[in-house]
Each structure stands twice: as C-alpha cells, then as structure tokens.
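One letter stands for each residue in the lines below.
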Amino acid sequence: MRDTDRMINDLVRDLRPVPRHALRDRFLLGLLPALAVSLLLMLAILGLRSDMREALMLPVFWIKSAYNALIALVALWATYHLARPDGAEGGFFKMGAAIVLAMAIAAAVQLVTSPPEAYGQLILGSSALHCPFLIFAFALPVFAGISWVLRKGAPANLRLTGFIAGIAAGAAGAWVYSWFCTENGMPFVLIWYSVGILVVGALGALTGPRLLRW
Amino acid sequence: MTIAHSEDVLKALMLLSLDGDEAAYRRLLTTLRVLLVGYYTRRMGAATKADMEDLVQETLLSLHSRRTTYDRDRPFTAWFFSIARYKLIDHHRGRGGRRLAETELGEELESGFSEEALTARLDVERLLDGLTPRQQELIRQVKLEGQSISDTADRVGQSESAVKVSIHRTLKALGERMRGGS
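Rules and cut-offs
- Residues numbered from 1 in each chain as written.
- Chains lettered and ligands numbered in written order.
- Predicted model: local features only at pLDDT ≥ 70, side-chain atom pairs only at ≥ 80, totals over all residues.
- Helix = DSSP H or I, 4+ residues; strand = E, 2+ residues; numbered from the N terminus.
- Buried ≥ 20, exposed ≤ 12 C-beta atoms within 10 Å, placed from the backbone.
- Contact = placed C-beta atoms within 7 Å.
- Nonpolar A, V, L, I, M, F, W, Y, C, P; charged D, E, K, R; others polar.
- Axes fitted to C-alpha atoms, helices over the stretch in contact; angles between N-to-C directions.
- pLDDT = per-residue confidence, 0-100.
- Left-handed = near helix turned anticlockwise from the far one by under 90°.
- Core = buried A, V, L, I, M, F, W, Y, C linked by C-beta atoms within 7 Å.
- Expected span 1.5 Å × (residues − 1).
- Bend = angle between axes of the 7 residues up to and from the residue.

(A) Up close: the overall build of chain B. Secondary structure assignment for chain B yields nine helices and zero strands. Mapped in sequence order, the helices and strands of chain B form the string α-α-α-α-α-α-α-α-α. Taking all 182 residues of chain B together, 25% fall into the buried category. Expressed as a percentage of contacts within chain B between residues at least 6 apart in sequence, the contacts between residues at least 24 apart total 57%.

(B) Quick peek at the overall build of chain A. For chain A, the helix and strand inventory stands at nine helices and zero strands. Overall, the C-alpha framework of chain A stretches about 80 × 35 × 30 Å when taken along its three principal axes.

(C) Quick peek at the interface of chain A and chain B. With 22 residues of chain A in contact, the opposing surface of chain B contributes 28 residues. Only α1 (2-13) and α2 (22-45) of chain A provide two or more residues apiece to the side of chain A that touches chain B. Of the residues forming the side of chain A that touches chain B, the biggest block, six residues, is contributed by α1(A). Of the residues belonging to the side of chain A that touches chain B, the class tally is 15 nonpolar, two polar and five charged.

(D) Molecular detail of the packing of helix α5 (residues 92-112) of chain A against helix α9 (residues 186-211) of chain A. All names here are of chain A. Look at α5 against α9: their axes get within 7 Å of each other, and the N-to-C directions meet at 140°. Of the residues in α9, those in contact with V100, M103, A104, A106, A107, Q110 and L111 of α5 are M186, P187, V189, L190 and S194. Of the residues in the contact of α5 with α9, the class split is 10 nonpolar, two polar and no charged.

(E) Representation of the confidence of the model for chain B in the model. Residues and elements named next belong to chain B. Averaged over all residues, the pLDDT of chain B equals 79, while 76% of them reach at least 70. Helix α5 (residues 98-111) is the least confidently modelled element of chain B, averaging 47 in pLDDT, while helix α1 (residues 7-18) averages 94, the highest of any element. Predicted confidence for residues 97-103 stays below pLDDT 50, and this span has seven contacts to residues more than four positions away or in other chains. Here residues 106-113 is a poorly scored stretch, pLDDT under 50, and it has three contacts once near neighbours within four places are set aside; other chains count. Complex prediction metrics read pTM 0.77 and ipTM 0.88.

(F) Main features of the packing of α2(A) against helix α8 (residues 158-177) of chain A. Residue and element names in this part refer to chain A. Relative to each other, α2 and α8 sit at 35°, their axes nearing to 9 Å. Crossing of α2 over α8 shows right-handed handedness. Of the residues in α8, those touching α2 at L35, S38, L39 and M42 are A172, G173, V176 and Y177. The class makeup of the residues in the contact of α2 with α8 is six nonpolar, two polar and no charged.

(G) Up close: the nonpolar core. Residue and element names in this part refer to chain A. Counting residues in each nonpolar core, the largest one holds 82 residues, and the members touching the most others are A75, I135, A168, A171 and A172. No other element matches α8, which puts 13 residues into this core. When residues no more than four places from it in sequence are discounted, the contact partners of A172 are L35, A72, A139 and V142.

(H) Region of the structure containing the environment of D21(B). Position of D21(B) among the secondary structure elements: in the loop between α1 and α2 (22-43). Each C-alpha atom, one on D21(B) and one on A50(B), is 31 Å from the other, the two residues being 29 residues apart in sequence.

(I) Up close: the environment of V142(A). Residues and elements named next belong to chain A. Among the structural elements, V142 can be located in helix α7 (residues 131-150). For V142, a count of 28 C-beta atoms within 10 Å gives the class buried. Linking V142 and P59, residues 83 residues apart in sequence, is a C-alpha distance of 27 Å. Excluding its chain neighbours within four sequence positions, the residues that come into contact with V142 are L31, A34, L35, S38, A169, A172 and G173.

(J) Examining the environment of E58(B) more closely. Within the secondary structure layout, E58(B) lies in helix α3 (residues 49-65). C-alpha separation for the pair E58(B) and I83(B), spaced 25 residues apart in sequence, amounts to 9.8 Å.

(K) Broad picture of α9(A). Spanning 26 residues, α9(A) covers 35 Å between terminal C-alpha atoms, matching the ideal 38 Å at 1.5 Å per step. Approximately 30° is the largest bend angle found in α9(A), and it occurs at A205(A), with the proline P209(A) only one to four residues beyond.

This is how it looks when you write it as structure tokens:
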C-alpha cells in the first residue's frame, strides 16, 4: 500500500503536459521518415520504371497506385484507432474488402476486353515470382516505423493491431514498389501485390503479441 | 469511497492532468486507485493481496506512460477501464492462465462491463455518498456485491432482521431521493 502511495507521488512529480494531438504527431513522426527511406531505397536500388513517361498517361498505372494507397490509408486509419486501448478497427475489413472488390472488377473488365493470348501477361506478367518479395522488402522500413509508433501506444488487441499495421506497411511498400514495377495487368496487381501485402500483414499478426506488448 | 466518481468528474480531472495540473492528477490517481481495487477484487477470485497491489500499480503506471493515447473527445472511464482490462488479461497470460483469462473475460463481456454499466455504477456510488457509512456498507454488500443477508449480518454483527429492516429503509429513502432529485 505504501508502495502505491510512493508511486503516485513519483507519477505526479513526473507529470508533463501532453499536447492535444500527441498521438497523431507520433504517427507522422514515425511514418513519414520511414516512407521516405523506403522511397529512397527504391530509387537508389531499382529506379523508376523505365517507361515512366508513358506510364503516367495510363489509367492502369494510376489504378495500381490507388489500390495500394487506398489500402494503406484505410489500414493506417484503423491502426491509429487501435493504438488506443478503447479503440476498434472500425470498418476496416469492410472497406478493405470493398477496395479489393473494386480491383477485382477492374481486373475482370481488363480480362474480358483483352484477347486470351494476353492473359499470361496480364496475370503472371514477367515478375510474378519476385514481386511479393520486393514489396515485402520495401515494406520493412514502414513496418519498423509503425512498430516504433505502436510500442508507445496502448493497443488492447495485439494480434489484430499487428495484422492491420502490417497491412498498412505492406500496402505502403507496395505503393513504393509500384513506381518501379512495369506490370500493367490488373489481375497481376490483384493477385501478386495482394500476396505481398498479406505476407507483411501475417508478419504483423505473428510478431504483434510480443512486439506490441505493454 | 466518499468522492463522487462520475465520468464527468474523472474526465475533468484527466483533462486538467493532461495540461499539467499536479493537484488534479494526484486526485485522479488516488480516486482511480480505489476504483481499481474494487474492479480487480471483483475479477480475481484467488488473487493474493500482493498480486492485486501489483496490478493496481501497473495500471496506474500505464495510465501515466500511455496517456497520449487518451482522446479528449471520448469518455475517460471507457479508456481507463480498457487499460485495466488489458492489464488483467496480461496478468493471467503471464501466469500461463490464458484460457482462464479468456473464459473470465468472455463472461465479463456477456455480462457487459460496458460504459453504460460503469456509468450506472458510478451513479449508484454517487447516490450512496449521501448515506451513513453503515448504510453504505449494507447496501454495497447485499445489493451490489450480492452477498447473502445472513453472511452480511454475521460480518457486521447485527441480527438478520435488523439488516433486512435497515436495507429496506435505506432503499426507501434512496427511492424518495431519486424521485425528488429527478
């Protein structure tokens, strides 16, 4: 009992004002530099896609970019809420499913409007085997950044928070990678990008209970 | 337990604490400490006193180190008892009693340790503040903790009928006060 009295004294003495948006600021502080590192690594190691000029005119390039960016934003928003002990994932799974569904429709439209000879290129492209690994690699800086943020947070559901934070990092890594990747197949993105993102999500779910414990 | 522990009061103290008000923070921590003892006592059957004190300390410490995660626009008690609940699960998990913790929590969720339930409880506490300590004790033991009349009578050293009469009168008085108050 006396211990607790002493501890309360210590805590009161240690009290410092907390800025209103302290948690949001920590997210920005952990994520923006991490994303910058990831982008710089991509530019330094791989470089922008060789046909960048033409690609900027292609809807498929922007759909690919939007797919990853949207998943990253939705997952990040959920992670921000889950970082609070009384927070919930909100509509994360519904919104994520809606984004994937929209991508599936884009993929179906592209397949239907293409000759069957093009299917191989649209589905497997020329980089299906290493695409998920590169996404994983470019997601790692962001994963480290988001973990740094969450370790000062107070998530109540460690596995779920780890999973969704991993999805956010994976999608951010995929978005970075999409500036290099020359694939224009929507089915390719739907399958191989999603695999890369999910692998980072799995990493988060596996490490969450230990890494995020407080 | 003679302070009114309403959500409003606790939240006001928390907001002051976040701005660096030491006196408010001390009041907040001392009040929450009492609430935590009640919270953990109700949930840890075979716990030793030392375990309980550890948990109370850990929870207060977490409130301190994680206070940036409190959203000023949301209820304080919901946030705070989420920390308490997390610490309780973590405590059971640490002793390999994971399954036990999950069962207990499952039941707890069923019975709804929700924000409303807590607010209702806080309202009850505030209502009890107006009673004499003896009346408070009886109501607390029999009506809130659900202990039997005979056990309570033994503990307070009164006859069963005296306890019954006393509770009956107290409830009647409370009823009148509520009608008058609202």
